[in-house]
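Close look at the chain arrangement
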Amino acid sequence: MFSHDVDYRILGTDIQVLEIELDPNETVVAEAGAMVYMEEAIAFETKMGDGSAPDQGLMGKLFSAGTRLLTGESLFLTHFTHRGSYGKSKVAFSAPYPGTIIPLDLGTLPQGLIVQKDGFLAAAKGTKMSLHFNQKFGAGLFGGEGFILQKLTGDGKAFVHAGGTIIEKQLNNELLRVDTGCVVAFEPGLDFSVARAGGLKSMIFGGEGLLLATLRGSGRVWLQSMPVKKLIRALAPGGGNAQKESGSVLGGLVGGLLDE
């Protein structure tokens, strides 16, 4: 199924809004609860499945919905359609936390795109969303964010949200180490694994976590500066400062012992 060709614009800087412009009978599929406003001609319907396979039976829809539950997403997706007979009409969406919306043309990504489990915001109807298991045992056992992922495929536009500032990097047969929570999306040609973060002292007192994600090969990767988990910890009473202080104090007391 070919994806609908939707137009869009992104409003704002820190807490962005995605505004989609639809022609008659065009549809955009969005995460449940993401809608901010919609014009009169827009009608919406909550469905199981992304609509990429219109002839899919009940069992197929249940399987598709089940895979979304595994990624931590809502069981349902909302389909917004321009039901008018002429003109254009708009519907807008926002991410669930402060950050940046990334517009992606899946037509330029023939192998699709691997996205963190809570990164999907919206996409043109026809985009297929499927489950992607990381084959690296270490990523599944320790990586958390890197084990169960989503894969987006199609030939239309998709929109992913992330926390803070977005950094897009092109790897050319290179290796990049990243905080496991900072990986938003990457091309399937890249090998994703999880490695230990330095020596024992660095792992315990460095404040960077026990493990780091490793991306190796050639392809694009999108990173976020403020994953939602870090944002929650920073906003918690004493969150960021308490962690830094405990790390420095304990590091000074015990670090010498580990060096001996």
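Residues numbered from 1 in each chain as written. Predicted model: local features only at pLDDT ≥ 70, side-chain atom pairs only at ≥ 80, totals over all residues. Heavy atoms only, no water.

- Per an unreviewed UniProt entry, the protein carries the name TIGR00266 family protein and comes from Hymenobacter coccineus.

**Quick notes on the overall build of the protein**
- When helices and strands are tallied, the protein shows five helices and 17 strands.
- Expressed as a percentage of the 260 residues in the protein, the buried residues total 42%.
- Looking at the protein alone, contacts between residues at least 24 apart form 80% of all its contacts between residues at least 6 apart. (Helix = DSSP H or I, 4+ residues; strand = E, 2+ residues; numbered from the N terminus. Buried < 20%, exposed > 50% of the residue type's maximum accessible area, 1.4 Å probe, protein only. Contact = heavy atoms within 4.5 Å.)

**Considerations on the pattern of salt bridges**
- In total, this model carries eight salt bridges according to the counting rule given.
- With a closest N to O distance of 2.7 Å, Glu19 and Arg9 form a salt bridge. Placement of Glu19 in strand S2 (residues 17-22) and of Arg9 in strand S1 (residues 7-11) is noted, with a sequence separation of ten residues between them.
- Salt-bridge contacts for Glu187 lead to Arg220; the nearest nitrogen and oxygen are separated by 3.5 Å. (Salt bridge = Lys/Arg side-chain N within 4 Å of Asp/Glu carboxyl O.)

**Comments concerning the sheet that holds S2**
- Read across the open sheet, the four strands follow the order S1-S2-S7-S4; overall the sheet is antiparallel. Edge positions in the open sheet fall to S1 and strand S4 (35-38), since each of these has one partner strand only. Recorded for the sheet is a direction-independent mean angle of 20 degrees between the axes of neighbouring strands.
- Note that S2 and strand S7 (residues 89-94) share six bridges and pair antiparallel. Each residue of the ladder has a partner; that of Ile20, found in S7, is Val91. (Pairing = 2+ DSSP bridges. Axes fitted to C-alpha atoms, helices over the stretch in contact; angles between N-to-C directions.)

**Some words on the nonpolar core**
- Membership of the largest hydrophobic core comes to 18 residues, with the highest contact counts inside it found for Leu113, Leu152, Val184 and Trp222.
- Considering every element that reaches this core, the biggest residue donor is strand S13 (residues 157-163), with three residues. (Core = buried A, V, L, I, M, F, W, Y, C linked by side-chain atoms within 4.5 Å.)

**Examining the environment of Gly87**
- As for its placement among the helices and strands, Gly87 is situated in the loop between strand S6 (77-82) and S7.
- As for Gly87 and Leu22, which are separated by 65 residues in sequence, their C-alpha atoms are 8.8 Å apart.
- Beyond its immediate sequence surroundings of up to four residues, Gly87 is in contact with Leu22, Asp23, Pro24 and His82.

**Some points on a nonpolar patch on the surface**
- Taken together, the side chains of Met35, Val36 and Tyr37 define a hydrophobic patch exposed on the protein surface, amounting to about 230 Å² of accessible area.
- Assignment of secondary structure puts Tyr37 in strand S4. (Patch = residues over 30% accessible without salt bridge, like charges linked within 9 Å, V, L, I, M, F, W, Y side chains within 5 Å. Areas by Shrake-Rupley, 256 points an atom, 1.4 Å probe, with all protein chains shown as cover.)

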